[in-house]
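Structural characterization, general
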Amino acid sequence: MRAERKKVEPLVKMARGQLDAVLKMIDEDRYCMDIVTQLLAAEALLRKARSAVVKGHLEGCVQEALESGSPQQQSEKIEEIIKLLEKMEK
(Lines give C-alpha, C1' and ligand atoms only; values in the text may rest on other atoms or scores of the structure.)
Protein backbone atom coordinates (compact mmCIF):
# COMPACT_ATOMS: atom_id res chain seq x y z
CA MET A 1 0.00 0.00 0.00
CA ARG A 2 1.40 3.37 -1.02
CA ALA A 3 -0.75 5.45 1.31
CA GLU A 4 0.71 6.62 4.58
CA ARG A 5 -0.10 3.81 6.97
CA LYS A 6 0.16 6.23 9.91
CA LYS A 7 -2.77 8.18 8.49
CA VAL A 8 -4.97 5.33 7.28
CA GLU A 9 -4.69 2.81 10.09
CA PRO A 10 -5.90 5.08 12.94
CA LEU A 11 -8.87 6.22 10.85
CA VAL A 12 -9.95 2.64 10.17
CA LYS A 13 -9.46 1.67 13.81
CA MET A 14 -11.56 4.62 14.96
CA ALA A 15 -14.29 3.68 12.49
CA ARG A 16 -14.19 0.11 13.77
CA GLY A 17 -14.55 1.44 17.32
CA GLN A 18 -17.53 3.53 16.31
CA LEU A 19 -19.15 0.56 14.59
CA ASP A 20 -18.64 -1.52 17.73
CA ALA A 21 -20.32 1.29 19.66
CA VAL A 22 -23.21 1.27 17.17
CA LEU A 23 -23.71 -2.45 17.72
CA LYS A 24 -23.78 -1.87 21.46
CA MET A 25 -26.27 0.98 21.01
CA ILE A 26 -28.49 -1.31 18.96
CA ASP A 27 -28.33 -3.99 21.67
CA GLU A 28 -29.25 -1.34 24.24
CA ASP A 29 -32.16 -0.15 22.07
CA ARG A 30 -30.80 3.39 22.04
CA TYR A 31 -32.43 6.36 20.33
CA CYS A 32 -32.39 6.04 16.53
CA MET A 33 -30.90 9.46 15.87
CA ASP A 34 -27.97 8.75 18.20
CA ILE A 35 -27.26 5.58 16.23
CA VAL A 36 -27.48 7.44 12.94
CA THR A 37 -25.07 10.08 14.23
CA GLN A 38 -22.53 7.40 15.10
CA LEU A 39 -22.98 5.74 11.71
CA LEU A 40 -22.35 9.06 9.97
CA ALA A 41 -19.19 9.56 12.00
CA ALA A 42 -17.93 6.10 11.04
CA GLU A 43 -18.70 6.77 7.37
CA ALA A 44 -16.78 10.06 7.51
CA LEU A 45 -13.73 8.30 8.92
CA LEU A 46 -13.89 5.61 6.25
CA ARG A 47 -14.19 8.27 3.53
CA LYS A 48 -11.04 9.95 4.88
CA ALA A 49 -9.21 6.63 4.92
CA ARG A 50 -10.38 5.82 1.40
CA SER A 51 -9.20 9.22 0.17
CA ALA A 52 -5.77 8.70 1.68
CA VAL A 53 -5.44 5.27 0.05
CA VAL A 54 -6.58 6.57 -3.35
CA LYS A 55 -4.19 9.54 -3.07
CA GLY A 56 -1.31 7.19 -2.27
CA HIS A 57 -2.23 5.01 -5.23
CA LEU A 58 -2.40 7.97 -7.60
CA GLU A 59 0.87 9.45 -6.38
CA GLY A 60 2.63 6.09 -6.43
CA CYS A 61 1.42 3.32 -8.71
CA VAL A 62 -0.44 5.45 -11.22
CA GLN A 63 2.24 8.11 -11.49
CA GLU A 64 4.91 5.44 -12.02
CA ALA A 65 2.86 3.78 -14.77
CA LEU A 66 2.27 7.10 -16.51
CA GLU A 67 5.92 8.12 -16.31
CA SER A 68 7.69 4.88 -17.15
CA GLY A 69 5.12 2.24 -17.99
CA SER A 70 4.20 0.86 -21.35
CA PRO A 71 1.19 2.36 -23.15
CA GLN A 72 -0.76 -0.74 -22.10
CA GLN A 73 0.15 -0.24 -18.42
CA GLN A 74 -0.80 3.41 -18.66
CA SER A 75 -4.14 2.52 -20.20
CA GLU A 76 -4.79 -0.12 -17.55
CA LYS A 77 -4.13 2.33 -14.70
CA ILE A 78 -6.40 4.96 -16.24
CA GLU A 79 -9.16 2.38 -16.69
CA GLU A 80 -8.65 1.24 -13.10
CA ILE A 81 -9.17 4.80 -11.83
CA ILE A 82 -12.25 5.28 -14.04
CA LYS A 83 -13.81 2.11 -12.59
CA LEU A 84 -13.01 3.26 -9.07
CA LEU A 85 -14.64 6.63 -9.67
CA GLU A 86 -17.74 4.90 -11.04
CA LYS A 87 -17.97 2.76 -7.88
CA MET A 88 -17.56 5.81 -5.68
CA GLU A 89 -20.44 7.57 -7.44
CA LYS A 90 -22.89 4.83 -6.45
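Here the structure is a predicted model, which means the values were calculated and not measured. (Residues numbered from 1 in each chain as written. Predicted model: local features only at pLDDT ≥ 70, side-chain atom pairs only at ≥ 80, totals over all residues. Heavy atoms only, no water.)

What follows concerns unusual backbone geometry. Leave glycine aside and you will find that most residues have negative phi; peptide bonds, for their part, are mostly trans. Although it is not a glycine, Asp29 adopts a positive phi angle of roughly 55°. Turning to its location among the elements, Asp29 is positioned in the loop between α1 (5-27) and α2 (32-68). (Helix = DSSP H or I, 4+ residues; strand = E, 2+ residues; numbered from the N terminus.)

Relative orientation of the contacting elements α2 and helix α3 (residues 71-89) amounts to 160°, with a least axis distance of 9 Å. Classed by the angle they form, the pair α2 and α3 counts as roughly antiparallel. As α2 runs across α3, the sense of the crossing is left-handed. The segment α2 lies against α3, with Arg50, Val54, His57, Leu58, Cys61, Val62, Ala65 and Leu66 engaging Gln73, Gln74, Lys77, Ile78, Glu80, Ile81, Leu84 and Met88. Looking at the contact of α2 with α3 residue by residue, the classes come out as 10 nonpolar, 3 polar and 3 charged. (Axes fitted to C-alpha atoms, helices over the stretch in contact; angles between N-to-C directions. Parallel < 35°, antiparallel > 145°, perpendicular 65-115°, else oblique. Left-handed = near helix turned anticlockwise from the far one by under 90°. Contact = heavy atoms within 4.5 Å. Nonpolar A, V, L, I, M, F, W, Y, C, P; charged D, E, K, R; others polar.)

Okay, the pattern of salt bridges next. Taken as a whole and judged by the stated rule, the model has 7 salt bridges. Across the pair Glu59 and Lys55 runs a salt bridge, and its minimum N-O distance is 3.5 Å. Within this pair, Glu59 and its partner Lys55 are both found in helix α2, separated by 4 residues, close to a single helical turn. What you see here is one network of salt bridges that share partners, running through Arg5, Glu9 and Lys13. (Salt bridge = Lys/Arg side-chain N within 4 Å of Asp/Glu carboxyl O.)

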